[in-house]
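Per-entry structural report
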Amino acid sequence: MPDTSSDSERWAQARAVAAELAESGVDPLDAAAATAARVALQRRFLLDLLVIFGVVAVVAAVGLMVYRAFAGNDPLGGREIWIASAALAFVLIVVVVRSLVPRSAAAYEEAWARFRDRVWPDSSKGDDLGSARLAFVLAAASGQDGAFPSVAPGRKA
């Protein structure tokens, strides 16, 4: 998209690209879909952190049992086996809950990536999970033509 056009023209062109992409799937400028995708991605991130915490607990407990075995002590004499078992159950529960997170977030992310590549083809990498993208989508949905961003929301110049 050329940078020489006015902001209102760029907003119109962006809305036209979004409408074209919406015909083949998810509308990248749908405020409800953007909000739902952001919430789903934040939940998935939190659940990924919980899985990492559980795996670290299992590895630490098993490591302590192995250390005790090599030191000549009773490896099952402490509470590590219970900690490892509870951590494995915790990881299993979190993985099951993570699988219940709606997959619509992935469809929206794909639609947004195609939209971003067409509207801002030269944008570099950045944080797409931030509130800048949601603010842009809400501004586009409101129909108010303010200043059009020169780079994709959440991306670096």
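Look above for the structure.
Attention in this report is confined to the structure presented alongside it. (Residues numbered from 1 in each chain as written. Predicted model: local features only at pLDDT ≥ 70, side-chain atom pairs only at ≥ 80, totals over all residues. Heavy atoms only, no water.)

Along the protein, the regular secondary structure elements total five helices and zero strands. The helix and strand sequence of the protein, counted from the amino end, reads α-α-α-α-α. By the compact-globule yardstick of 15 Å for 157 residues, the protein is too spread out, its C-alpha radius of gyration being 23 Å. Counting only C-alpha atoms, the protein reaches 75 × 30 × 20 Å along its principal axes. (Helix = DSSP H or I, 4+ residues; strand = E, 2+ residues; numbered from the N terminus. Rg over C-alpha atoms; globule rule 2.2 N^0.38 Å.)

Attention now goes to the packing of helix H2 (residues 31-71) against helix H3 (residues 80-99). Relative orientation of the contacting elements H2 and H3 amounts to 160°, with a least axis distance of 8 Å. By the criterion of interaxial angle, the relationship of H2 to H3 is roughly antiparallel. Crossing of H2 over H3 shows left-handed handedness. Here the contact of H2 with H3 is built from residues that sort into 20 nonpolar, one polar and five charged. (Axes fitted to C-alpha atoms, helices over the stretch in contact; angles between N-to-C directions. Parallel < 35°, antiparallel > 145°, perpendicular 65-115°, else oblique. Left-handed = near helix turned anticlockwise from the far one by under 90°. Nonpolar A, V, L, I, M, F, W, Y, C, P; charged D, E, K, R; others polar.)

Attention now goes to H3. Between its first and last C-alpha, H3 extends 28 Å over 20 residues, near the 28 Å set by a 1.5 Å rise per residue. Turning to H3, its buried residues number three or more, namely Glu 80, Ala 84, Ala 87, Val 91 and Val 94. One side of H3 holds all its buried residues, which, seen down the axis, span an arc of 90°. Opposite the packed face of H3, turned more than 90 degrees from it, sit the exposed residues Trp 82, Leu 92 and Ile 93. The inward-facing, buried residues of H3 abut H2. (Expected span 1.5 Å × (residues − 1). Buried < 20%, exposed > 50% of the residue type's maximum accessible area, 1.4 Å probe, protein only. Arc of directions from axis to C-beta. Contact = heavy atoms within 4.5 Å.)

In this model, helix H4 (residues 104-119) (16 residues) spans 22 Å end to end at C-alpha, consistent with the 22 Å of a helix rising 1.5 Å per residue. Those residues of H4 not exposed but buried are Ala 105, Tyr 108, Ala 111, Trp 112, Phe 115, Arg 116 and Val 119. Looking straight down H4, one finds that the buried residues subtend no more than 135° of arc, so they occupy a single side.

In this section: the nonpolar core. In terms of nonpolar packing, the biggest core is built from 28 residues, with Leu 29, Trp 112, Phe 115, Trp 120, Phe 136 and Val 137 touching the most fellow members. The set of elements that each furnish at least two residues to this core consists of helix H1 (7-23), H2, H4 and helix H5 (131-142). Among the elements that make up this core, the one with the highest residue count is H2 (eight residues). In contact with Trp 112, not counting residues within four places along its chain, are Pro 28, Leu 29, Trp 120, Arg 133, Phe 136, Val 137 and Pro 153. (Core = buried A, V, L, I, M, F, W, Y, C linked by side-chain atoms within 4.5 Å.)

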